[in-house]
Amino acid sequence: MNVETDRVVYFDNAATSWPKPPQVKIAMVKFLEQVGGSPGRSGHRMSIAASRLIGDARDALAQLFNVDDPSRIAFTKNSTEALNIATLGWLQPGDHVITTSLEHNSVMRPLRFLEEQGRIELTVVPCSSTTGGLDPDDVRRVLRPKTRLLAIVHASNVIGTLLPICEIGAIGHAVGAPLLVDASQTAGAYPIDVEALGIDMLAFTGHKSLLGPTGTGGLYVREGLDLLPLMRGGTGSRSELEVQPDFMPDKYESGTLNAVGIAGLGAGVEFLLDQGVQQVYQHEQALVGRFLAGAAQLPHLIVYGSQDLGQGIGVVSFNIAGMSPSRVGLMLDQGFGIMTRIGLHCAPAAHHTIGTFPNGTVRFGFSYYNTLSEVDYALQALAKIIEEGTDDGAG
Ligand SMILES: Cc1ncc(COP(=O)(O)O)c(C=O)c1O
């Protein structure tokens, strides 16, 4: 194997994005050096400055998702926490929930937990084994009068397929069931308008396409929806009460917030507002298009999911026939400096859907910072791996 390890090509943005815009680092260092104080707690200028930065980040997110009232967005440490608040905080004994076979475990595990406890009934609607698509009629067929939540991933973290959340939301709304969207992969990578799409709850994570640091994320909750908080504690508000404030966002923001992280997240979102998410999407679609065109020329390379541009986001999964994904991932890293994610990507149901369970796939997750020449380089690397990978069956 031709070893070229001094070059680093980062294609693991679906796990966490890298690099971040320089503004993100600057905002975080500035927070540590110049802001310092505890947000929402003390009355002095350093604390007020910290609160202001958090408010600015909330406002920027509200603008990005077209949320009228920024206070309807609560900060969490990631989308997993947001999804747990949304599911565990909303569902009542006897409720029926509809979800899909493309979900990440951050949706599936809280729902399976509630199901195992006998608290909810869960219907998992299968997505297409070839395109990953979801037919809204399949959702309509399983709707019940007792359906109280539709929890749907916006785009698969395995094959990138976008699901028709707007149509699905309308189906649930007919029986008064809110739509919870897991936007972990789409927030910052694909335009999201909670009003136009009829989204009642939106869970997002800060460290992927929103370009912020790890430890940041949030949950948007439409006015009128009341969820039980997961945690209770100090919020800096209504301190005379020994019970949790009942208003957003404080209700879900117990304990001192990750202020330095949120300052970085705010800078990432400002960067995206400046560039335009549509621009980011177009760039990533160009990368996907280049990859798919090159992959079609490579023998033994199997790409999963829809091959139609515009049907998905900048996430692609593939295998080389006869080689395990872990071996391909290791060769891409050690031989070519290409960082990918291999295996099941915390979404076993998605791999059952596309027929790649239990070994999984190799995943490329592109970002705004990746280039066409990096994709070409990766295609050349894959061609070499296929050529040299004959010892375990390929080639
Ligand atoms: C679709 C989807 N949902 C949820 C998550 C969980 O994100 P986090 O680990 O930031 O909570 C991820 C991240 O891998 C994801 O891709």
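Bear in mind the structure is a predicted one, so any value in this text is a computation, not a measurement. For every chain, the first residue of the written sequence is number 1, and numbering continues from 1 onward in sequence order. Only residues with pLDDT of 70 or above have their local features reported here, since the model is predicted, and side-chain atom pairs are shown and tallied only from 80 upward, although totals for entire chains, interfaces and linings are computed over all residues. Values reported for side chains reflect all heavy atoms of the structure, with hydrogen atoms and water molecules removed beforehand.

Student: Sorry if this is basic, but what is going on with the packing of helix α9 (residues 277-295) against helix α12 (residues 372-388) here?
Tutor: Think of two packed helices as two axes; the pair is described by the angle between the axes and how far apart they sit. Here α9 crosses α12 at 25 degrees, and the two axes come no closer than 9 Å. Comparing their axes, α12 and α9 come out roughly parallel. Here the hand of the crossing between α9 and α12 comes out right-handed. Residues Ala286, Leu287, Arg290, Phe291, Gly294 and Ala295 of α9 lie in contact with α12, whose contacting residues are Leu372, Val375, Asp376, Leu379 and Leu382. Among the residues forming the contact of α9 with α12, the class breakdown is eight nonpolar, one polar and two charged. Note on method: axes are straight lines fitted to C-alpha atoms, helices fitted across the in-contact stretch only, with angles between N-to-C directions ranging 0 to 180 degrees. Runs of E in the DSSP output that reach at least two residues are strands. Runs of H or I that reach at least four are helices, and both are numbered from the N terminus. Convention used here: angles under 35 degrees read as roughly parallel, angles over 145 as roughly antiparallel, angles from 65 to 115 as roughly perpendicular, and any remaining angle as oblique. Crossings are classed by handedness, with left-handed meaning an anticlockwise turn of the near helix from the far one by less than a right angle and right-handed meaning a clockwise turn. Any two residues having at least one pair of non-hydrogen atoms within 4.5 Å are treated as being in contact. Here the term charged refers only to Asp, Glu, Lys and Arg, the term nonpolar to Ala, Val, Leu, Ile, Met, Phe, Trp, Tyr, Cys and Pro, and the term polar to all other amino acids, Gly among them.

Student: Hey, could you run me through helix α2 (residues 45-65) in this one?
Tutor: Spacing of three or four residues puts side chains on the same side of an α-helix, whose turn is 3.6 residues. Expected span, for any helix, means 1.5 Å times one less than how many residues it has. Compared with an ideal rise of 1.5 Å per residue, which puts 21 residues at 30 Å, α2 spans 30 Å between its outermost C-alpha atoms and is within 8% of the ideal. Relative accessibility under 20% of the residue-type maximum defines a buried residue, over 50% an exposed one, and the middle range a partly exposed one, all with a 1.4 Å probe and only protein chains included. For α2, the full list of buried residues reads Ser47, Ala50, Ile54, Ala57, Arg58, Ala60, Leu61, Ala62, Leu64 and Phe65. Looking at the buried positions of α2, the neighbouring elements they touch are α1 (22-35), β2 (73-76), α7 (194-197), β7 (201-205), α8 (259-275) and α9. In the segment just after α2, Asn66 is the residue with positive phi, at about 55 degrees.

Student: When you look at the site of the ligand in this model, what are you seeing that I'm missing?
Tutor: Taken together, 13 residues lie near the ligand, and Thr80, Asp182, Gln185, Thr205 and Lys208 sit nearest. Two N or O atoms count as a polar contact when they lie within 3.5 Å, although within protein this holds only if one can serve as hydrogen donor and the other as acceptor, and sequence-adjacent residues are included solely when both atoms are side-chain atoms. Here a nitrogen atom of the ligand and a side-chain polar atom of Asp182 are 2.6 Å apart. Interatomic distance of 2.7 Å between a side-chain N/O atom of Gln185 and an oxygen atom of the ligand. Here the ligand has 390 Å² of accessible area as a free molecule, and 89% of this is covered by the chains. Looking at the shell around the ligand residue by residue, the class counts come to one nonpolar, 10 polar and two charged. Here a residue is considered near a molecule or strand provided that any single heavy atom belonging to it is located within 4 Å of it. Residue burial considers only the protein chains on display, and all accessible areas are found by Shrake-Rupley using a 1.4 Å probe.

Student: How do you make sense of the side chain of Ser184 when you look at a structure like this?
Tutor: Among the secondary structure elements, Ser184 is positioned in the loop between β6 (179-182) and α7. Under the relative-accessibility criterion, Ser184 is labelled buried at 10%. At 2.5 Å, the side chain of Ser184 forms a polar contact with the side chain of Asp182.

Student: Would you take a moment to explain the pattern of salt bridges for this structure?
Tutor: Side-chain pairs of opposite charge can arise whenever the charged atoms involved come near each other. What counts as a salt bridge is simple: a side-chain nitrogen of Lys or Arg found within 4 Å of a carboxyl oxygen of Asp or Glu. This model, assessed by the stated rule, comprises 12 salt bridges. Note that Arg58 is salt-bridged to Glu253, the shortest N-O span being 2.8 Å. Linking Arg58 in helix α2 with Glu253 in the loop between β8 (217-221) and α8, this pair joins segments that are 195 residues apart in sequence. This pair shows no difference in class: Arg58 is buried, exactly as Glu253 is.

Student: In this structure, what is going on with the sheet that holds β2? I would like to understand it.
Tutor: Consider a sheet: its strands pair through backbone hydrogen bonds, and that pairing is either parallel or antiparallel. Pairing between strands is defined by DSSP: at least two bridges between the two strands are required. In space, the seven strands of this open sheet follow the order β2-β8-β7-β6-β5-β3-β4, with mixed pairing throughout. The open sheet has two free edges, formed respectively by β2 and β4 (120-125), since each of these has just one partner strand. For this sheet, the mean angle separating the axes of adjacent strands, direction not counted, is 20 degrees. For β7 and β8, the ladder comprises five bridges, and the chain directions are antiparallel. Across the sheet, residue Thr205 finds its bridge partner in β8, namely Gly217. Packed onto the sheet, α2 meets β2 and β7 and runs at close to 115 degrees relative to β2.

Student: Can you walk me through the environment of Glu223 in this structure?
Tutor: Among the structural elements, Glu223 can be located in the loop between β8 and α8. Residue class for Glu223 comes out exposed when judged on its relative accessible area of 61%. Once the C-alpha coordinates of Glu223 and Val260 are considered, the two residues, 37 residues apart in sequence, prove to be 28 Å apart.

The values reported here are purely geometric and, on their own, carry no functional implication.
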